[in-house]
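Spelled out from the first residue to the last, the chains are:
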Amino acid sequence: MQIENNVIVGFDKTDKHLFIPKTIVGADYAIADLHIVEGFDSITVEDGNTHFYMQDGCLIWRDKKALMLAEKGAKIPDDGSVTTIAGGAFMYRNEIKEIEIPASIEKVNHFAFGCTELEKVILNEGLKELDAYAFGCNERLTELAIPKSVTKIVTHKVLEEVKMIAGCGYKNKTYNVYKDTYAHRWAKRKGLNFVLIKE
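Undergrad: Explain the pattern of salt bridges to me, using residue names and the numbers behind them.
TA: Two side chains of opposite charge can pair, provided their charged atoms sit close to one another. Summed over the entire model, instances satisfying the criterion amount to five salt bridges. Between glutamate 95 and arginine 93 there is a salt bridge, and its shortest N-O distance comes to 2.9 Å. Among the residues examined, glutamate 95 registers a relative accessible area of 37% and is labelled partly exposed. Glutamate 119 serves as the salt-bridge partner of arginine 140, at 3.7 Å between the closest nitrogen and oxygen. Of this pair, arginine 140 sits in the loop between strand 12 (129-131) and strand 13 (143-145) while glutamate 119 sits in the loop between strand 10 (107-108) and strand 11 (120-123), placing them 21 residues apart in sequence.

Undergrad: Would you mind going over the nonpolar core in detail, with residue names and values included?
TA: Membership of the largest hydrophobic core comes to 43 residues, with the highest contact counts inside it found for Ile85, Phe90, Val108, Phe113 and Phe135. Contributing elements (two or more residues each) for this core: strand 6 (58-61), strand 7 (66-70), strand 9 (98-101), strand 11, strand 15 (174-177) and helix 3 (182-190). It is helix 3 that contributes the most residues to this core, three residues altogether. Among residues more than four places away in sequence, those in contact with phenylalanine 135 are Phe113, Leu118, Val121, Leu123, Leu130, Leu141, Leu144 and Lys173. Judged by nonpolar contacts, the second largest core, of 13 residues, contains Val45, Leu59, Trp61 and Met68.

Undergrad: Provide a residue-level description of the sheet that holds strand 16 (residues 193-196), including the pertinent values.
TA: Sheet strands pair by backbone hydrogen bonding; their relative direction is either parallel or antiparallel. Taking strand neighbours across the sheet as the criterion, the three strands line up as 13-15-16 in an open arrangement whose pairing is parallel. Whereas interior strands pair on both sides, the edge strands pair on one side only; in this sheet they are strand 13 and strand 16. Averaged over all adjacent pairs, the angle separating strand axes in this sheet is 25 degrees, with direction ignored. Bridge analysis of strand 15 against strand 16 gives four bridges, and the strand direction is parallel. Residue pairing across strands places tyrosine 175 opposite phenylalanine 194, the latter belonging to strand 16. Strands in contact with helix 3 are strand 15 and strand 16; relative to strand 16, the strand with the most contacts, it is inclined by about 145 degrees.

Undergrad: Summarise the side chain of glutamine 55; cite the residues concerned and give the values.
TA: Along the polypeptide, glutamine 55 turns up in strand 5 (residues 52-55). Residue class for glutamine 55 comes out buried when judged on its relative accessible area of 17%. With near-sequence residues (within four places) excluded, glutamine 55 lies in contact with Ile60, Lys75, Pro77, Asp79 and Ser81.

Undergrad: Residue-level account of the sheet that holds strand 10, with values.
TA: Taken together, the seven strands give an open sheet; going across it, the order is 5-6-7-8-10-12-14, and neighbouring strands pair in mixed fashion. Two strands in the sheet have a free side with no partner beyond their single neighbour: strand 5 and strand 14 (152-154). Sheet analysis places strand 7 next to strand 8 (residues 84-85), joined by two bridges and oriented parallel. Its bridge partner being in strand 8, alanine 66 is matched across the sheet by threonine 84.

What counts, and at which threshold
- Within every chain, residues take consecutive numbers counted from 1 along the sequence as written.
- It should be noted that, the model being predicted, local features are given only for residues of pLDDT at least 70 and side-chain atom pairs only at 80 or more, the latter also being counted only at that level, while totals for whole chains, interfaces and linings use all residues.
- Working from all heavy atoms in the structure, the side-chain values ignore hydrogens and water.
- Any Lys or Arg side-chain nitrogen located within 4 Å of an Asp or Glu carboxyl oxygen qualifies as a salt bridge.
- Any residue under 20% of the maximum accessible area for its type is buried, any over 50% is exposed, and the rest in between are partly exposed; the area is computed with a 1.4 Å probe on protein chains only.
- Secondary structure elements follow DSSP: runs of H or I no shorter than four residues count as helices, runs of E no shorter than two count as strands, and numbering proceeds from the N terminus.
- To form a nonpolar core, buried Ala, Val, Leu, Ile, Met, Phe, Trp, Tyr and Cys residues must be joined to one another through side-chain atoms within 4.5 Å.
- Here a residue-residue contact requires only that any non-hydrogen atoms of the pair lie within 4.5 Å.
- Paired strands, in this sense, are two strands between which DSSP finds at least two bridges.
- Each axis is a line fitted through C-alpha atoms, and for a helix only the stretch in contact is used; angles between axes span 0 to 180 degrees, taken between their N-to-C directions.

Here it is in structure tokens:
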């Protein structure tokens, strides 16, 4: 399948290859919708595309410094070329059991790692904004340590009003937080299970 004029062409949920032609200059909605494909084996960006490129198995939107999608075996670049992990980027990547978010990542969006088999996540100092649903639908992930550098945790009223299936929300986890940080105040305000990290 491929993207043309901001529209997915030749959509087939079983197709595990994505081709992005050089004529694509922006495709926010089309790419965001691709997370419904349960994990791409390969993504190809046509030579000459000045907006998107592949690095370490990741589709990156150059101007936004955003990791948009990850193919099988992808590794999050840690060289500063990416500062945001888009919603759904690693969704359905069930082969991932453990992930470390590099210090160069400042923002992780909703369901960026949704519906995976993650058991362990390491968030590094440098992360500023975390969507509360970034690791949604990961029943095996029961604990998450939030670094001091986080100054914003986004929740979605509409998702909180909808009865989420077990494991899809953020309320089923224990948060390890530093005392008197934004994450500590957030966990208390939301009535979440949390443990203070000893310094």
